[in-house]
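Here's the letter readout for the chains.
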Amino acid sequence: MSDLSELKELTKAKEAKDRQEMQDKIIGRLKSVNRDGIDDLIKYLLEDTDYFIAPASTKFHSNFDGGLALHSDNVVELLIKKNNQYKLGLSNDTIYLTGYLHDLCKCNLYEKDMRLKKDEMTGKWIGYASYEINENLPLGHGEKSVILAQQYVKLTLEECLMIRWHMGAYVPKEEHRDYNKAIEMFKSVLAFSNSDAEASHFMEEIREPEIYPIEEYNKYVKEKALNKNK
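Quick notes on the rules
- Positions within a chain are numbered from 1, following the residues in the order the chain's sequence is written.
- Reporting of local features is limited, given that this is a predicted model, to residues whose pLDDT is at least 70; pairs of side-chain atoms are given and counted only at 80 or more, and all residues count toward the totals for whole chains, interfaces and linings.
- Hydrogen atoms and water are omitted, and side-chain values are computed over all heavy atoms in the structure.
- Buried Ala, Val, Leu, Ile, Met, Phe, Trp, Tyr and Cys residues that are joined via side-chain atoms within 4.5 Å together make up what is termed a nonpolar core.
- Only protein chains enter the accessibility calculation, which uses a 1.4 Å probe; a residue whose area is less than 20% of its type maximum is buried, one above 50% is exposed, and one in between is partly exposed.
- Helix and strand labels come from DSSP, where a helix needs a run of H or I of at least four residues and a strand needs a run of E of at least two; each type is numbered from the N terminus.
- Polar contacts, as counted here, are pairs of nitrogen or oxygen atoms within 3.5 Å of one another; within protein the pair requires one atom able to donate a hydrogen and one able to accept it, and residues that are adjacent in sequence qualify only if both atoms are side-chain atoms.
- For this analysis, residues touch if any pair of their heavy atoms sits within 4.5 Å.
- Only the stretch in contact is used when a helix axis is fitted, and all axes are lines through C-alpha atoms; the angle between N-to-C directions ranges over 0 to 180 degrees.
- Any angle between 65 and 115 degrees counts as roughly perpendicular, while under 35 counts as roughly parallel, over 145 as roughly antiparallel, and the rest as oblique.
- By the definition used in this description, the sense in which the near helix is turned from the far one sets the handedness, with an anticlockwise turn below a right angle giving left-handed and a clockwise turn giving right-handed.
- In this classification, Asp, Glu, Lys and Arg are treated as charged, Ala, Val, Leu, Ile, Met, Phe, Trp, Tyr, Cys and Pro as nonpolar, and every other residue, Gly included, as polar.
- Strand pairing requires that DSSP identify at least two bridges connecting the strands.
- Should a side-chain nitrogen of Lys or Arg be within 4 Å of a carboxyl oxygen of Asp or Glu, the pair is scored as a salt bridge.

**So, the nonpolar core**
Next up, step 1: One finds Ile26, Leu45, Tyr51, Leu97, Leu104 and Val189 to be the most contacted residues of the largest nonpolar core, which totals 45 residues.
Next up, step 2: Broken down by secondary-structure element, the contributors of at least two residues to this core are α1 (3-31), α2 (38-48), α3 (67-85), α4 (92-101), α5 (142-149), α6 (157-164), α7 (176-185) and α8 (187-203).
Next up, step 3: No other element matches α3, which puts 6 residues into this core.

**Here we look at the side chain of histidine 166**
Next up, step 1: Take histidine 166: it is sitting in the loop between α6 and α7.
Next up, step 2: Polar side-chain contacts of histidine 166 include one of 3.2 Å to the side chain of histidine 141.
Next up, step 3: When residues no more than four places from it in sequence are discounted, the contact partners of histidine 166 are His102, Asp103, His141, Gly142, Phe192, Ser193 and Asp196.

**Considering the packing of α3 against α8**
Next up, step 1: Interhelical geometry of α3 versus α8 gives an angle of 125° and a closest axis separation of 8 Å. Comparing their axes, α8 and α3 come out oblique. The two elements α3 and α8 cross, and the hand of that crossing is right-handed. Judged by residue contacts, His71, Asn74, Val75, Leu78, Leu79 and Lys82 of α3 engage Ala191, Phe192, Asn194, Ser195, Asp196, Glu198, Ala199, Ser200 and Met203 from α8.
Next up, step 2: Per-class residue counts for the contact of α3 with α8 are 7 nonpolar, 5 polar and 3 charged.

**Observations regarding unusual backbone geometry**
Next up, step 1: A positive phi angle, near 50°, is found at serine 62, a position not held by glycine.
Next up, step 2: Within the element layout of this structure, serine 62 appears in the loop between α2 and α3.
Next up, step 3: Among the residues examined, serine 62 registers a relative accessible area of 0% and is labelled buried.
Next up, step 4: In the Ramachandran plot, asparagine 108 falls in the positive-phi region, its phi being about 55° despite a non-glycine side chain.
Next up, step 5: Of the residues examined, asparagine 108 reaches a relative accessible area of 38% and is grouped as partly exposed.

**What about the sheet that holds strand β1 (residues 110-118)?**
Next up, step 1: Here we have 3 strands laid out as an open sheet, ordered β1-β2-β3, and antiparallel in their pairing. Either end of the sheet is taken by a strand with one partner, and the two such strands are β1 and β3 (211-212).
Next up, step 2: Summarising the sheet, β1 and strand β2 (residues 125-133) pair through 9 bridges and their orientation is antiparallel. Bridging from a neighbouring strand, methionine 114 pairs with alanine 129 of β2.
Next up, step 3: Contacting β1, β2 and β3, helix α9 (residues 214-228) runs over the sheet at an angle of about 135° to β1.

**Things to note about the pattern of salt bridges**
Next up, step 1: Under the criterion given, the structure shown has 18 salt bridges.
Next up, step 2: Glutamate 77 is the partner of arginine 29 in a salt bridge, and the nearest nitrogen-oxygen pair spans 3.0 Å. Note that arginine 29 is positioned in helix α1 and glutamate 77 in helix α3, a separation of 48 residues in sequence.
Next up, step 3: Residue glutamate 77 is classed as partly exposed on the basis of its relative accessible area of 25%.
Next up, step 4: Between aspartate 113 and lysine 224 there is a salt bridge, with the nearest N and O atoms lying 3.1 Å from each other.

**What about the pairing of β2?**
Across a regular strand the side chains alternate sides, sitting on one face of the sheet and then on the other.
Next up, step 1: Between β1 and β2, which pair antiparallel in sequence order, lie 6 residues; one of them, glycine 123, sits at a positive phi of approximately 80°.
Next up, step 2: Across 2 bridges, β2 lies against β3 in antiparallel orientation. By the bridge assignment, glycine 127 is partnered in β3 with tyrosine 212.

See the structure below:
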């Protein structure tokens, strides 16, 4: 094994260990939530979703395996600080439910893929790792997370609004009025959307996609076509 291959294997092992530690932390916190249905929610996350291995985005913040869980935990940690700083009066249950569930809409959404591009240095065609979006539940973004979460636990109105409007000012212009109304009702909505934005822009990285030789790309495309025709 070459030094580069060995480094890659060590890096993958470290990333897998980090993902497991993050999973243990999140599951431990969710287990502390005193809400009917929390055990079923945890079972759903572990058995029916890719929550702990999914990326948070395809090419922006935390665009790598485990990015969704990492991003959600960053939002929780920021919200804990804002809750104390601004005396929002949020319980740990509310912080954990909203923080860890606000992007449920991204579960089972991204499928790994490989695409083709020309290497700028060599001019040769190469493959690179990518994601395809496969949306099987077109229910929106924040709305979808609220709907999915409430299949297992009943959320308060404040929790629903925090999750629904977590994208903040990034929602379409025609929705700004409703977003501002939600903030008037609960200041936690603004604290939450700010936490989401801060986590995405200040705490998280964008990783360059893994590169593959053209031979491996061609093999991938052939296998994908064969699987599609089965």
